[in-house]
Amino acid sequence: MPQLGFGVWQVPDDEAADAVGAALEAGYRSIDTAAIYENEKGTGRALAASGIPREELFVTTKLWNSDQGYDATLRAFDASLARLGLDHVDLYLIHWPVPEQDRYVDTWKAFERILADGRARAVGVSNFNPAHLQRVIDETATVPALNQIELHPRLQQPVPRAFHADHGIATEAWSPLGQGKDLLQDPVLGGIARKHGVTVAQVVLRWHLQTGNVVIPKSVTPSRIRENIDVFGFELDAEDRERIAALDAGARLGPDPDTMN
Ligand code: NAD
């Protein structure tokens, strides 16, 4: 899986083809969508129009909460594939655990079947806390390949990251740029950006890569789409990384996985 990909949350379906097309043009090969984003069709159109061989692309989509449960999952997966115009995805994720429904273990068993059928090359989860992951590990035969969680310098997630490392689960960061809000105005990050002659967004993405996270920044602006993948020509040093480590405030932008339904 490419460590840096392109996310399309909040990109309307009729803009998704252009945004994904710009990302593919800029060199991204991994695209992160979800059934609930309602842009799988536009994403699929851009993939087809690109002419890039399928085996060079890495496509992720996610199962929405109301489709959890064994049979409903299989139906929802078929619908996602049809909208994407693909015969397999590279990664399929349970979008949220929704503990109050208590269906994520049954849902995971359907994911195991999808994996066995070769219709997803890998299966994983999103927004699972260590306790949710532990249940899946204890009650099924398959460890999730990856957990996609909110993660950025103000929410560095040390406990989930350690759990993932112990179990061989990759950590993927959603909202890696803090949704482009206050984080990008942070004076410490600004100083590090000036020192390296890059932008704050590039510093943050570089920090993710050096921390070992998979990242999927989103933008619909072609210049930013290019900027966000141009992060392989500089390196943060130990002092930069210490200063960024000190920015962790445990501050979520999104919902709490224990209560999100
Ligand atoms: P992000 O952290 O990627 O920030 C995106 C925003 O930052 C853009 O809309 C833009 O306003 C700004 N931005 C982007 N590049 C910039 C640049 N170079 N300079 C200045 N501003 C810039 O936020 P996100 O979209 O929330 O997260 C990325 C992806 O993660 C999503 O598109 C989606 O694929 C995924 N995601 C998953 C979940 C989940 O529950 N699994 C939740 C949220 C997001």
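All of these numbers come straight from a predicted model, not from anything done at the bench. (Residues numbered from 1 in each chain as written. Predicted model: local features only at pLDDT ≥ 70, side-chain atom pairs only at ≥ 80, totals over all residues.)

Trainee: In this structure, what is going on with unusual backbone geometry? I would like to understand it.
Mentor: Across residues other than glycine, the phi torsion is negative in most instances, and most of the peptide bonds are trans. In this model, Asp 102 sits at a positive phi of 50°, which is unusual for a non-glycine residue. Following the sequence through the fold, Asp 102 ends up in the loop between strand 4 (91–94) and helix 4 (104–116). One non-glycine residue, Asn 127, lies in the positive phi region at around 65°. Take Asn 127: it is sitting in the loop between strand 5 (123–126) and helix 5 (130–139). (Helix = DSSP H or I, 4+ residues; strand = E, 2+ residues; numbered from the N terminus.)

Trainee: Would you mind showing me how to read the nonpolar core here?
Mentor: A general feature of soluble globular proteins is that nonpolar side chains tend to end up buried together. Of all hydrophobic cores here, the largest spans 68 residues; its most connected members are Val 8, Val 20, Ala 23, Tyr 92 and Val 204. The biggest single contributor to this core is helix 1 (residues 13–26), with seven residues. (Core = buried A, V, L, I, M, F, W, Y, C linked by C-beta atoms within 7 Å. Buried ≥ 20, exposed ≤ 12 C-beta atoms within 10 Å, placed from the backbone.)

Trainee: How do you make sense of the UniProt feature "domain: NADP-dependent oxidoreductase" (unreviewed entry) in the protein chain when you look at a structure like this?
Mentor: Look at the UniProt record and you will see "domain: NADP-dependent oxidoreductase" (unreviewed entry) annotated at residues 4–248. Taken as a whole, residues 4–248 contains 45% helix and 13% strand, while its terminal C-alpha atoms sit 22 Å from one another. (UniProt positions renumbered as here; feature names shortened; annotations may be inferred.)

Trainee: Explanation requested: the packing of helix 1 against helix 9 (residues 222–229) in the structure shown.
Mentor: Two packed helices can be described by the angle between their axes and the distance between those axes. Running from amino to carboxyl end, helix 1 crosses helix 9 at an angle of 40°, the nearest separation of the two axes being 9 Å. Classified by the angle their axes make, helix 1 and helix 9 are oblique. In terms of crossing hand, the pair formed by helix 1 and helix 9 is right-handed. Packed against helix 1, whose contacting residues are Ala 22, Ala 23 and Ala 26, the element helix 9 presents Pro 222, Ile 225, Arg 226 and Ile 229 at the interface. (Axes fitted to C-alpha atoms, helices over the stretch in contact; angles between N-to-C directions. Parallel < 35°, antiparallel > 145°, perpendicular 65-115°, else oblique. Left-handed = near helix turned anticlockwise from the far one by under 90°. Contact = placed C-beta atoms within 7 Å.)

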